[in-house]
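Chains, contacts and geometry: an overview
So the chains spell out like this:
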Amino acid sequence: GQNIDQPTEMTATEGAIVQINCTYQTSGFNGLFWYQQHAGEAPTFLSYNVLDGLEEKGRFSSFLSRSKGYSYLLLKELQMKDSASYLCAVRDQGRGSTLGRLYFGRGTQLTVWP
Amino acid sequence: EAGVAQSPRYKIIEKRQSVAFWCNPISGHATLYWYQQILGQGPKLLIQFQNNGVVDDSQLPKDRFSAERLKGVDSTLKIQPAKLEDSAVYLCASSLGRGKNIQYFGAGTRLSVL
């Protein structure tokens, strides 16, 4: 199985930058995902890292260090609509022909204030 | 492109009753997943299908939960009989089943067991 840890809550103000950290312990690693989930809605895919380093996509960036079991999601120029839960998920190496199971953290509830 | 469709959106039942959820994945996606998300937690995988075959149901409480994916497209998840602790959001996701294999989620069914 996997052990995934991320902060429960964070707050920030509009226009600011926030970094959401995620640490994990895994028996096999095949990628790390970040999802955004607004209350009562489906998780939506934000980013995917499988190699060490930074992946940038607009206002959102995600970083991975496999040796440290560590990732972060960086959100720039925060907007009110970024208030949501951010889920860190790790995929294991799977069984047979599958590409592995996704294990989710509890999510970090981000509140953006005006 | 249409997303993952789920119905119903909400369901309220009494304990010991039965309930069924339906999912229609994104067209062309070979892999389909059912997750359970309890309030304040991340989604937990219940079962994973590749086409119409089960590849991972290790976390499915088989004494009361069942799922099928006939013809490798739509899927149904059933709970019989329901318990109070089954109150949760049931999310369906689908993916190509190859490459990055990013999972795309439906809006979910919120189940309340009274």
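So, here is what we can say about the structure in this document. (Residues numbered from 1 in each chain as written. Chains lettered and ligands numbered in written order. Predicted model: local features only at pLDDT ≥ 70, side-chain atom pairs only at ≥ 80, totals over all residues. Heavy atoms only, no water.)

**Structural notes on the sheet that holds strand β8 (residues 75-79) of chain B**
Residues and elements named next belong to chain B.
- In spatial order, the strands read β1-β3-β8-β7; together these 4 strands make up an open sheet with antiparallel pairing. The two strands at the open ends of the sheet, each matched to only one other strand, are β1 (5-7) and β7 (65-68). Taking the axes of each pair of neighbouring strands and ignoring which way they run, one obtains an average angle of 15 degrees across the sheet. (Pairing = 2+ DSSP bridges. Helix = DSSP H or I, 4+ residues; strand = E, 2+ residues; numbered from the N terminus. Axes fitted to C-alpha atoms, helices over the stretch in contact; angles between N-to-C directions.)

**Brief notes about the interface of chain B and chain A**
- At the junction of the two partners, chain B supplies 25 residues and chain A supplies 20 residues.
- In this assembly, chain B and chain A are joined by 1 salt bridge.
- The tally of links from chain B across to chain A stands at 7 residue pairs in polar contact (both at pLDDT 80 or more).
- Looking at the side of chain B that touches chain A, the elements that each hand over two or more residues are β4 (31-37), β5 (44-50) and β6 (53-56) of chain B.
- Its residues placed into classes, the side of chain B that touches chain A shows 8 nonpolar, 12 polar and 5 charged. (Contact = heavy atoms within 4.5 Å. Salt bridge = Lys/Arg side-chain N within 4 Å of Asp/Glu carboxyl O. Polar contact = N/O pair within 3.5 Å; in protein donor to acceptor, adjacent residues only side chain to side chain. Nonpolar A, V, L, I, M, F, W, Y, C, P; charged D, E, K, R; others polar.)

These figures come from the coordinates and say nothing about function on their own.
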